Amino acid sequence: MGLPTIDAPCFLCRGSEADPLWTTPDRAFAVPGCYTVARCQRCGFLYQKPRVADAHLADCYPDHYPRHQEPSPRVPFKGSRGRIKAARWALASALGYRELRDPSIGLWTRLRARRLLRKIRWDCPPWTGQGRYLDVGCGSGGALGVAKTLGWQVTGIEVDEAAAAKAKRFTDEIHVGDVLTAPFAPARFDVVTAFHVLEHVPDPVAMIHRMLGWLARDGVLIVEVPNAGGLGARIFGKAWSGLELPRHLSHFSPESLERAVEQAGGRVVWSWHGAKPRYYLWSLGFWLRDRGWLALARLAEWRPIYGVLKLLLELTLPLARLAKRGEVIRVGIRTA
């Protein structure tokens, strides 16, 4: 027996007819039951149908859910003195942190900064306005920790009380509860982020609309979701690790995410694709087990083989990013 479900309409167009596409159990945390992803007949959006009922959404998350554990902020100021100098230059030259600029640094440090920039862009928000930052679905506060180290005034929203308690090591201003009931004033924040949150909520359009309302003039909303239009979903189908049923209620492609943003009153101003080897290796393991090839699945997880596969993927995955078929999509959004 699985969790109680409801037969909700499409989250984007409200159409009621959809064709079942993939049905799987919970592969990550073994929540009981099997759950189905369907494709809306009207607009093509992929969503969980039937979906877990609102009263039982919290039951999808075990006590050891990773985002609710002790935070591990990916602060850029770690490593050797040279690396820290390069990180500071990357932040100053590309992300607007002008107070970190040091004109005296040499050519080698500047070249090193260019190599670090891609990772730093993913881990650090671009400096905007007065430096007021809100992370929606902040979990235990990893992103808040990074932003605070960089000088931001940080605020968070988190529905899980235990995770919110951990996030309070970075700020006392944590709203514990639903994003739609958070009491923040309009135009309060310069940057709002929602990393791997939108796919978990029953009304993603309403959530985007609410977050856009908190943006100050020239503020930016940054959203990241798994990419159901990416290479991994195309290759592995129902074994794709990004499905993560029953926690993921929506499954966005770049096109459907942009439609959701437009319906909410926003516009996408930039889009990045990310592709990490572990996502594909997780999917490969699920795919092999689905076919009963347990020995091959264990062989792929054996450390020497896993290392070789990871190296091959690290060499080839930049092509997936360039082709805009990465495993995750990150978009910057402004009000329309």
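Placed above this text is the structure.
Residues numbered from 1 in each chain as written. Predicted model: local features only at pLDDT ≥ 70, side-chain atom pairs only at ≥ 80, totals over all residues. Heavy atoms only, no water.

Draft legend 1. Quick peek at the sheet that holds strand β11 (residues 250-251). The strand order β2-β3-β4-β11 describes an open sheet built from 4 strands, whose pairing is antiparallel. Each edge of the open sheet is held by one strand with a lone partner, namely β2 (18-25) and β11. Note that β2 and strand β3 (residues 34-40) share 7 bridges and pair antiparallel. Bridge assignment links Trp22 to a residue of β3, and that residue is Val37. (Pairing = 2+ DSSP bridges. Helix = DSSP H or I, 4+ residues; strand = E, 2+ residues; numbered from the N terminus.)

Draft legend 2. Representation of unusual backbone geometry. Each neighbour pair has its own omega, and for Lys49 with Pro50 the value is -5°, a cis peptide bond. Within the secondary structure, Pro50 is located in the loop between β4 (46-48) and β5 (51-52). Following Leu245, the chain continues into Pro246 via a peptide bond in cis, with omega recorded as 5°. With respect to the helices and strands, the residue Pro246 is situated in the loop between α6 (231-236) and β11. Its identity as a non-glycine residue notwithstanding, Arg14 has a phi of 70°, on the positive side. Counting through the fold element by element, Arg14 comes out in the loop between β1 (5-6) and β2. Phi at Asp218 takes a positive value of approximately 70°, unusual for a residue other than glycine.

Draft legend 3. Fine view of the packing of helix α8 (residues 277-290) against helix α10 (residues 303-322). The interhelical angle for the contact between α8 and α10, taken along N-to-C directions, is 120°, at an axis separation of 9 Å. Classified by the angle between their axes, α8 and α10 sit oblique to one another. Crossing angle aside, the handedness with which α8 passes α10 is right-handed. Of α10, the residues touching α8 (which contributes Pro277, Arg278, Tyr280, Leu281 and Leu284) are Tyr306, Leu309, Lys310, Leu313, Glu314, Leu317 and Ala320. Across the contact of α8 with α10, the residue classes tally to 9 nonpolar, no polar and 3 charged. (Axes fitted to C-alpha atoms, helices over the stretch in contact; angles between N-to-C directions. Parallel < 35°, antiparallel > 145°, perpendicular 65-115°, else oblique. Left-handed = near helix turned anticlockwise from the far one by under 90°. Contact = heavy atoms within 4.5 Å. Nonpolar A, V, L, I, M, F, W, Y, C, P; charged D, E, K, R; others polar.)

Draft legend 4. Representation of the sheet that holds strand β7 (residues 153-158) within the structure. Pairing is mixed across the open sheet formed by 7 strands, whose spatial order is β8-β7-β6-β9-β10-β13-β12. Strands at the two margins of the open sheet, each flanked by one partner only, are β8 (174-176) and β12 (266-274). The sheet shows a mean angle of 15° between the axes of neighbouring strands, taken without regard to direction. Note that strand β9 (residues 189-195) and strand β10 (residues 215-226) share 6 bridges and pair parallel. Looking at β10, one finds that Val191 is bridged to Val220.

Draft legend 5. Examining the state of the cysteines more closely. According to the stated counting rule, one finds 0 disulfides in the structure shown. Not engaged in a disulfide, the cysteine Cys43 finds its nearest cysteine sulfur in Cys10; these two sulfurs lie 3.6 Å apart. Here Cys124 is not cross-linked by a disulfide; its sulfur's nearest cysteine counterpart is in Cys138, at 17 Å. Cys124 sits in the buried class, given a relative accessible area of 3%. (Disulfide = S-S within 2.5 Å. Buried < 20%, exposed > 50% of the residue type's maximum accessible area, 1.4 Å probe, protein only.)

Draft legend 6. Quick look at the packing of aromatic side chains. Taken as a whole, this structure holds 14 aromatic pairs when the rule is applied. Geometrically, the ring pair formed by Tyr279 and Trp282 is edge-to-face, given 6.0 Å between the ring centres and 65° between the ring planes. Here Tyr279 pairs with Trp282, and both are found in helix α8, just 3 residues apart, close to one helical turn. Tyr279 sits in the buried class, given a relative accessible area of 16%. (Phe/Tyr/Trp six-rings, centres within 6.5 Å; stacked < 30°, edge-to-face > 60°.)

Draft legend 7. Examining the nonpolar core more closely. Ranked by size, the top nonpolar core spans 63 residues in total, and within it Val136, Val192, Met207, Met211, Trp214, Leu221 and Val223 carry the most contacts. When residues in this core are grouped by element, the largest group, 5 residues, is from helix α5 (residues 204-213). If near-sequence neighbours (up to four positions away) are discounted, Val223 is found in contact with Ala194, Leu198, Met211, Ile329, Arg330, Val331 and Ile333. Leu95, Cys138, Ala167 and Phe170 belong to the second largest nonpolar core, which has 32 residues in total. (Core = buried A, V, L, I, M, F, W, Y, C linked by side-chain atoms within 4.5 Å.)

Draft legend 8. Spotlight on a nonpolar patch on the surface. Taken together, the side chains of Trp293, Leu296, Leu299, Trp302 and Ile305 make up a nonpolar region of the molecular surface, amounting to roughly 490 Å² of accessible area. With respect to the secondary-structure elements, Leu296 resides in helix α9 (residues 294-301). (Patch = residues over 30% accessible without salt bridge, like charges linked within 9 Å, V, L, I, M, F, W, Y side chains within 5 Å. Areas by Shrake-Rupley, 256 points an atom, 1.4 Å probe, with all protein chains shown as cover. Salt bridge = Lys/Arg side-chain N within 4 Å of Asp/Glu carboxyl O.)

Draft legend 9. Representation of the pattern of salt bridges in the model. Per the stated rule, a full pass over the model turns up 11 salt bridges. Residues Lys119 and Asp123 are paired through a salt bridge, measuring 3.2 Å at the closest nitrogen-oxygen approach. Note that Lys119 and Asp123 are positioned in helix α2 (residues 107-123) at a spacing of 4 residues, about one turn of the helix. What makes Lys119 partly exposed here is its relative accessible area of 45%. Here the salt bridges share partners, and the residues they tie into one network are Asp26, Glu244 and Arg247.

Draft legend 10. Quick look at the side chain of Thr171. Note that Thr171 resides in the loop between α4 (161-167) and β8. Given a relative accessible area of 11%, Thr171 falls into the buried group. Only 3.0 Å separates the side chain of Thr171 from the backbone oxygen of Val154, close enough to count as a polar contact. A distance of 3.0 Å separates a polar side-chain atom of Thr171 from the backbone nitrogen of Glu173. (Polar contact = N/O pair within 3.5 Å; in protein donor to acceptor, adjacent residues only side chain to side chain.)

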